[in-house]
Amino acid sequence: MKVKNAEVLSVMPPQYGLFGLLFAFMNRLQTVGDSFYEEITCKQFFLLACLNLYPDEEPTANELAESMGCTRQNVKQLLDSLCKKEILVLIQDKNDKRKQRIHRTKKCERLAANYTQKEQEFMQLLYTGVSENEILSVFKTITKMENNLKDYGQKSAINF
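Heads up: these notes are all about the structure in this document. Nothing here was measured: the structure is a model prediction, and the numbers come from that model.

What counts as what
- Residues numbered from 1 in each chain as written.
- Predicted model: local features only at pLDDT ≥ 70, side-chain atom pairs only at ≥ 80, totals over all residues.
- Heavy atoms only, no water.
- Helix = DSSP H or I, 4+ residues; strand = E, 2+ residues; numbered from the N terminus.
- Buried < 20%, exposed > 50% of the residue type's maximum accessible area, 1.4 Å probe, protein only.
- Polar contact = N/O pair within 3.5 Å; in protein donor to acceptor, adjacent residues only side chain to side chain.
- Contact = heavy atoms within 4.5 Å.
- Phe/Tyr/Trp six-rings, centres within 6.5 Å; stacked < 30°, edge-to-face > 60°.
- Core = buried A, V, L, I, M, F, W, Y, C linked by side-chain atoms within 4.5 Å.

## Re the side chain of aspartate 96
Inference 1: Position of aspartate 96 relative to the elements: it lies in the loop between β1 (88-92) and β2 (100-104).
Inference 2: A residue is classified by how much of its surface remains accessible, and aspartate 96, at 16% relative accessible area, is buried.

Structure representation (C-alpha cells):
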C-alpha cells in the first residue's frame, strides 16, 4: 500500500513526516532537474547559480561549499567535472597563492544564455500553484532548520 503525502501526517508526527518529505523531495528535484539540462546536472546548475552570490570577487571552493551547504570535497567533485567540460576554470588567487578562485569561461556564459528559457520553465513548473507567501513561509522555516543544523555542527565540532 502506497502512502500519499496527504496521508503521511495521519501515520506519523509532522516533524517526522516533513523530515522524510524533504529527502523524497530532494531526490525528485534532482531527477527532474537533471532532465532539464543536457550538458550539466542539477547540482552543477546549483553550483553555477551560487557563483552569482559573489559579484565582487570569485569564490574559492571553501567559500562556495559554505554557500551551498555541503563539503569542500563535494564542491571539488562538481568543479572537476565543470572544469573538464571547460565551463569553469580555477585560477590562482593574486594575493594568496594557496587559494584558487573559481572563474567562469565563455562557455559558461553561453550555457547561461542558452538555458535562461529552460530555467524559467523549470521554476514555473516547480512553483505552479504555490503563492509567494507560501514560498516565503517555507523559506523561513527551512532557514531556521538549517541554522539549527549549523549550530549543532559548530557545537559538535567544539566537543571533539
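What follows picks up the thread again.
## Let's talk about the side chain of arginine 101
Inference 1: Turning to its location among the elements, arginine 101 is positioned in strand β2.
Inference 2: On the basis of relative accessible area, arginine 101 is assigned to the buried category, the value being 9%.
Inference 3: Within polar-contact distance, the side chain of arginine 101 engages the side chain of glutamate 63 at 3.2 Å.
Inference 4: Sequence-distant contacts of arginine 101, defined by excluding residues within four places in its chain, comprise Glu57, Glu58, Pro59, Thr60, Glu63, Val89, Leu90, Ile91 and Asp93.

## Focus on the packing of aromatic side chains
Inference 1: Evaluation of the coordinates by the stated rule reveals 4 aromatic pairs.
Inference 2: Ring centres of phenylalanine 36 and phenylalanine 122 lie 4.7 Å apart, and the angle between their planes is 65°; on these two criteria the pair is classed as edge-to-face. In this pair, phenylalanine 36 is assigned in helix α2 (residues 14-36) and phenylalanine 122 in helix α6 (residues 106-127), connecting sequence segments 86 residues apart. In this pair, the class of phenylalanine 36 matches that of phenylalanine 122, namely buried.
Inference 3: Centroid distance tyrosine 37 to phenylalanine 45: 5.0 Å. Interplanar angle 20°. Geometry classified as stacked.
Inference 4: Judged by its relative accessible area of 16%, phenylalanine 45 falls in the buried class.
Inference 5: Through successive ring pairs, a cluster of aromatic residues spans Tyr37, Phe45 and Tyr115.

## Points about the nonpolar core
Inference 1: Grouped together as the largest cluster of nonpolar side chains are 24 residues, with contacts concentrated most on Ile40, Leu47, Leu48, Leu64, Val75, Ile87 and Leu88.
Inference 2: At the level of elements, α2, α3 (42-50), α4 (61-68), α5 (72-84) and α6 are the ones that each hand at least two residues to this core.
Inference 3: The contact partners of leucine 47, leaving out residues within four places of it in the chain, are Leu64, Met68, Val75, Leu78, Leu79, Leu82 and Leu88.

## Some remarks on the environment of glutamate 109
Inference 1: Locating glutamate 109 in the fold gives a position in helix α6.
Inference 2: Sequence separation of glutamate 109 and isoleucine 87 is 22 residues, and the distance between their C-alpha atoms is 8.3 Å.

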